[in-house]
Amino acid sequence: MTSEDRSALLAALAWQVDLGADETIADAPIDRFASAALPPRPGDARAPATAPRARPAATGAPADARPAPQPATEPPASAEIAARATTLTDLADAMRGWEGSELRKGARNLVFSDGIPGARIMVIGEAPGAEEDRTGKPFVGRAGQLLDRMLAAIGLSRTADDPATAVYITNILPWRPPGNRTPSEIEARAFLPFVERHIALAAPDVILSLGNTPTKALLATGTGIKRMRGTWTEHTASGLPLLPSFHPAYLLRQPADKALAWQDLLALKAHLEGRPQ
């Protein structure tokens, strides 16, 4: 190599250093995962690089394969569990232990019922609120206090001992939904078999359905409560007469509709007394 060639090469190297090049690379990309050692550079007089390590022969399954996760066992359907209950105590225990709903994980108490079984009237509401969740009884908050006054106006009470004037109360859902939200249709359908078994075991003469959620579930309808209220119909499963009306919580928000709810209560009283409506 002449001195002129050497000077040119050094000048080219200095120019690359000025551009920021700080390592020597080969003419072709190097697969650094294919071999533990680097291949020799062109013109390198060193011995050839060590050959890539041989991989173990493939077997029936990858070496790091793990057992496939087993699907979670589905809890028995609510209809299957409800059908086994022969008493109200059995039914309450079955609902308390049923793992088919996530609502039980966020609630304090199962809210099963209040009043005496065998009462002529069975009131079915939507779901427990905060006060109901704390006490384990349905309709004990502000809406429950309004309900008690409404029932007392036609001579009925949840504390009465006489089935003729007593009221038996429950909800579509036994667990409080988070934030007191409205129960979803999926939740209502999941607990419906429990409610229908509850009706059969409590054996009322008449059902008073309060609000959209129980009315739609019990009658398998999509019609809203404002169109259904005040109209006698038949419970789909039991064939019992059913009267839809407004939920007391709704009446607290819309007091102007208390007049319509009063008409519904008068219709209920007339039915109990056997008077034509």
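Look up a bit, the structure's there.
Computed from a predicted structure; not experimentally measured.

Trainee: Quick question: what am I supposed to make of the overall build of the protein here?
Mentor: Of regular secondary structure, the protein possesses 10 helices and 5 strands. Counting only residues that meet the buried cut, the protein has 36% of its 277 residues in that class. Taking as baseline every contact in the protein between residues at least 6 positions apart, the subset at least 24 positions apart corresponds to 66%.

Trainee: What am I meant to see in the environment of aspartate 257 here?
Mentor: Among the secondary structure elements, aspartate 257 is positioned in the loop between α9 (248-253) and α10 (258-272). Its relative accessible area of 17% is what places aspartate 257 among the buried residues. Ignoring sequence-local partners within four residues, the contact set of aspartate 257 consists of Phe246, Tyr250 and Leu251.

Trainee: Looking at this structure, how should I read the pairing of strand β1 (residues 121-125)?
Mentor: Side-chain positions along a regular strand alternate between the two faces of the sheet. β1 sits mainly inside the fold: 5 of its 5 residues count as buried. The alternating pattern of β1 places Ile121, Val123 and Gly125 on one face and Met122 and Ile124 on the opposite face, and all of these are buried. Two elements, β1 and strand β2 (residues 167-171), share 5 bridges in a ladder whose sense is parallel. Following the sheet pairing, valine 123 is matched in β2 by isoleucine 169. Judged from the 4 bridges that link them, β1 and strand β3 (residues 206-210) form a sheet pairing that is parallel. Note on β3: the bridge partner recorded for isoleucine 124 is serine 209.

Trainee: Teacher, can you tell me more about helix α6 (residues 185-202) here?
Mentor: Working note: α-helix, 3.6 residues per turn, so residues spaced by three or four point in the same direction. With 18 residues, α6 extends 24 Å between its outermost C-alpha atoms, agreeing within 8% with the 26 Å of an ideal straight helix rising 1.5 Å per residue. Residue leucine 192 marks the point of greatest curvature in α6, where the axis turns by about 45°; the proline proline 193 follows within four residues. Looking at the buried side of α6, the elements it contacts are α2 (78-84), α3 (88-97), β1, β2, β3 and α7 (212-219). Within two residues after α6, alanine 203 carries a phi angle of roughly 55°, on the positive side.

Trainee: Could you clarify how one ought to interpret the packing of aromatic side chains in this entry?
Mentor: Enumeration over the complete set of coordinates arrives at 4 aromatic pairs. Ring geometry for phenylalanine 191 and phenylalanine 194: centres 6.1 Å apart, planes at 40°, overall tilted. One end of the pair, phenylalanine 191, and the other, phenylalanine 194, are both in helix α6, 3 residues apart, so they sit about a helical turn from each other. Comparing phenylalanine 191 with phenylalanine 194 shows no difference in burial state: the two are buried. Feature note: the residues Trp98, Phe191 and Phe194 constitute an aromatic cluster, connected by ring pairs.

Trainee: What is the right way to read the side chain of histidine 247 from this model?
Mentor: Relative to the helices and strands, histidine 247 resides in the loop between β5 (241-245) and α9. Classification of histidine 247 by relative accessible area gives buried; the value is 12%.

Trainee: Can you help me understand the pattern of salt bridges in this one?
Mentor: Opposite charge on two side chains permits them to pair, given that their charged atoms come into close proximity. The final tally for this structure, using the stated rule, is 12 salt bridges. Between arginine 84 and glutamate 80 there is a salt bridge, with its nearest N and O atoms 2.6 Å apart. Taken together, the residues span about one helical turn, with arginine 84 and glutamate 80 both in helix α2 at a distance of 4 residues. Look at arginine 84 and you get exposed, because its relative accessible area is 54%. Looking at glutamate 80, the relative accessible area reads 41%, which means it is partly exposed.

Trainee: What is the right way to look at the environment of proline 244 in this model?
Mentor: Mapped onto the elements, proline 244 comes out in strand β5. The class of proline 244 is buried, set by a relative accessible area of 0%. Separated by 30 residues in sequence, proline 244 and proline 214 place their C-alpha atoms 8.8 Å apart. Setting aside residues no more than four positions away along its own chain, proline 244 makes contact with Ser209, Thr215, Ile225, Met228, Arg229, Gly230, Thr231 and Asp264.

Trainee: Would you explain the sheet that holds β1 in this entry?
Mentor: The strands that make up a sheet are held in pairs by hydrogen bonds between backbone atoms, and each pair lies either parallel or antiparallel. One open sheet accounts for 5 strands, arranged β2-β1-β3-β5-β4; its pairing is mixed. The strands lining the two open edges of the sheet, one partner per strand, are β2 and β4 (233-234). Most of the contacts of α10 go to β5, to which it runs at about 165°, and overall it touches β1, β3 and β5.

Trainee: Any chance you could explain the nonpolar core here in plain terms?
Mentor: Across soluble globular proteins, nonpolar side chains show a tendency to be buried alongside one another. Among the nonpolar cores identified, the biggest contains 36 residues, and Phe112, Ile124, Ile172, Phe194, Ile199 and Leu218 are the most heavily contacted of them. Those elements that provide at least two residues to this core are α2, α3, β1, α6 and α7. The leading source of residues in this core is α6, at 7 residues. Not counting residues within four places of it along the chain, the set of residues in contact with phenylalanine 194 comprises Ser78, Ile81, Ala82, Leu91, Met95 and Trp98.

Analysis parameters
- Residues numbered from 1 in each chain as written.
- Predicted model: local features only at pLDDT ≥ 70, side-chain atom pairs only at ≥ 80, totals over all residues.
- Heavy atoms only, no water.
- Helix = DSSP H or I, 4+ residues; strand = E, 2+ residues; numbered from the N terminus.
- Buried < 20%, exposed > 50% of the residue type's maximum accessible area, 1.4 Å probe, protein only.
- Contact = heavy atoms within 4.5 Å.
- Pairing = 2+ DSSP bridges.
- Expected span 1.5 Å × (residues − 1).
- Bend = angle between axes of the 7 residues up to and from the residue.
- Phe/Tyr/Trp six-rings, centres within 6.5 Å; stacked < 30°, edge-to-face > 60°.
- Salt bridge = Lys/Arg side-chain N within 4 Å of Asp/Glu carboxyl O.
- Axes fitted to C-alpha atoms, helices over the stretch in contact; angles between N-to-C directions.
- Core = buried A, V, L, I, M, F, W, Y, C linked by side-chain atoms within 4.5 Å.

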